[in-house]
Amino acid sequence: MDASVFNYRNGDLMVEDIRLRSLAESLGTPLYVYSTQAIQTNFRAYQQAFVGRPYLIAYSVKAASNLAILRLIQREGGGCDIVSGGELARALKAEVDPQKIVFSGVGKTALEMAAALKAGILSFNVESAPELRLLSATAQSLGRKAPISLRVNPDVDPQTHPYVATGLRESKFGLPVGEAYQLYLQAKNDPGLEIVGVDCHIGSQLTSVGPFQAAAERLLVLMSQLKAAGINLKLLDLGGGLGIDYHGEKIPPVAEYAQAFRAIYAAFPGLTIILEPGRSVVGAAAVLLVTVLYDKITPYKRFIITDGGMNDLIRPSLYGSYHVIKPVKDLDRPLTQVNVVGPICESGDFLAQDRALPLVEAGETLAVFGAGAYGFSMSSNYNSRPRPAEVLVSGSTCRVIRARETSEDLIRGESF
Ligand code: LLP
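Rules used throughout
Residues numbered from 1 in each chain as written. Predicted model: local features only at pLDDT ≥ 70, side-chain atom pairs only at ≥ 80, totals over all residues. Heavy atoms only, no water. Pairing = 2+ DSSP bridges. Helix = DSSP H or I, 4+ residues; strand = E, 2+ residues; numbered from the N terminus. Expected span 1.5 Å × (residues − 1). Polar contact = N/O pair within 3.5 Å; in protein donor to acceptor, adjacent residues only side chain to side chain. Domains from an automatic or database assignment. Contact = heavy atoms within 4.5 Å. Buried area = accessible area lost by both parts, 1.4 Å probe. Salt bridge = Lys/Arg side-chain N within 4 Å of Asp/Glu carboxyl O. Near = heavy atom within 4 Å. Nonpolar A, V, L, I, M, F, W, Y, C, P; charged D, E, K, R; others polar. Core = buried A, V, L, I, M, F, W, Y, C linked by side-chain atoms within 4.5 Å. Buried < 20%, exposed > 50% of the residue type's maximum accessible area, 1.4 Å probe, protein only.

Draft legend 1. A look at the sheet that holds strand 3 (residues 18-19). Sheet architecture is open: three strands sit in the order 1-2-3, paired in antiparallel fashion. One side of each edge strand has no neighbouring strand; the edge strands of this open sheet are strand 1 (6-9) and strand 3. Bridging between strand 1 and strand 2 (residues 12-15) involves four bridges; their strand directions are antiparallel. What sits directly across from phenylalanine 6, in strand 2, is valine 15.

As structure tokens, this is what we get:
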């Protein structure tokens, strides 16, 4: 994945052709800064890997859902993987073709189903028998047929953080293969349903292709059984999940990942493969800029207290995840062992622990790398902190794609 858009030039950390320091000065911090070029490069890598075969890259909106990012994906010809009515509204607002939208998630409501049916999406990725019943009833009440793919839980270990592993049989996601087969037989004769495909998603931040291959093989067996039962599928959705290099992880290139699908195309020519990448498209394409407030030295630890905290980027606190941190000025200063922490009133509020960083002073800005995926989208107003602004850089131009929240935004809708 492309992180090469972030480089030091004459001592200044740049994003494309813009100094991150200038962005921090003019727009304030904490600030999410995305690179158009990096998003495009990452997205195009998927498209290039499938050229000449039917495919759909449905960007997973949850990773970073700003309208400008969705619009960028739309312009690249991409679709969207959504998990809520809110994400549907965003995708439609960005004018993503509804026939390129797939709707995942274990807890869709009737209202969300109705909205997606009216929009005419490509497929509902259905995760349980009761969901299938509600979807059928909802579709019939609207005089429509819901296009469905059943999400299969292939019971594959994706070897990732337990919170983001979804394809193990103990997880809440998907249907056991046997149950999925039975439900397909029922759905075949259901007037509210139209079978279009099969789906799975085994987890996030995967660092090898093996688990994807194992999952695909299980789906292939199911598809052959369905074919024998007279059910022919048009779509095979293998979810998202390819990881990024946060801290030296070796990630297989997308082209190698795509090779894993060769056997599928061979067995089912004409099948459209859908992928739902999120992290690998936007993760390395953004940094979070934070400014040092204090250098606090205790007898036991040294804390670099910044204006960005766990409400702005929760990944280190929630998953213990590692994000590279660099000063936006290339500082030729000695390294010191520090904890980089935020202002939130929790000891779990940190961006880095026991990290060797060049000595930084109050007022200097740090860039937290790999912040594009599940960064802003998981941010909150905890401690009544306005959420950061987001900017999108392209070459030497930049655009604020989300204004920094104000204290008025914080109390909108409240009353006493
Ligand atoms: N499709 C489905 C059905 C998903 O549940 C997910 C992510 C994706 C696609 C996109 O996966 P990706 O390509 O981004 O790995 N907040 C966590 C990650 C949660 C992932 C949830 N599902 C984190 O910050 O690591």
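Draft legend 2. Structural context of helix 2 (residues 36-50). When the terminal C-alpha atoms of helix 2 are compared, their 22 Å separation across 15 residues agrees well with the 21 Å that a helix rising 1.5 Å per residue should span. Capping of helix 2 at its N-terminal end is provided by serine 35; its side-chain oxygen lies 3.3 Å from the backbone amide nitrogen of glutamine 37.

Draft legend 3. View of the domain arrangement of the chain. Each domain of the chain was delimited in the assignment, giving domain 1 (6-35 + 283-411) and domain 2 (105-275). Each of domain 1 and domain 2 has a C-alpha centre, and the two are 36 Å apart. The partner domain 2 presents seven residues to the ten residues of domain 1 that form the contact. Counting each side, the surface lost to burial between domain 1 and domain 2 is near 690 Å², with a carbon and sulfur contribution of 65%. Remark: the boundary between domain 1 and domain 2 carries zero salt bridges.

Draft legend 4. The arrangement of the site of the ligand in detail. Within the structure, the ligand sits among 19 residues, and Ser204, Glu276, Arg315, Tyr319 and Tyr374 are positioned closest to it. Within the backbone of glycine 241, one N or O atom sits 2.9 Å away from an oxygen atom of the ligand. Here an oxygen atom of the ligand and a side-chain polar atom of tyrosine 374 are 2.6 Å apart. A class-by-class count of the residues in the shell around the ligand yields five nonpolar, eight polar and six charged. Counting contributing residues per domain, the shell around the ligand is built from domain 1 (6-35 + 283-411) and domain 2 (105-275), each supplying no fewer than three.

Draft legend 5. View of the nonpolar core. Membership of the largest hydrophobic core comes to 120 residues, with the highest contact counts inside it found for Leu20, Val33, Tyr34, Ile39, Tyr59, Phe124 and Ile148. Broken down by element, this core gets its largest block of residues, eight residues, from helix 8 (residues 210-228). The two domains that each donate at least three residues to this core are domain 1 (6-35 + 283-411) and domain 2 (105-275). Residue contacts for phenylalanine 124: discarding those within four places in its chain leaves Phe103, Lys108, Met113, Ala116, Leu117, Leu135, Ala146, Pro147, Ile148 and Ser149. Ala58, Leu122, Val196 and Ile274 belong to the second largest nonpolar core, which has seven residues in total.

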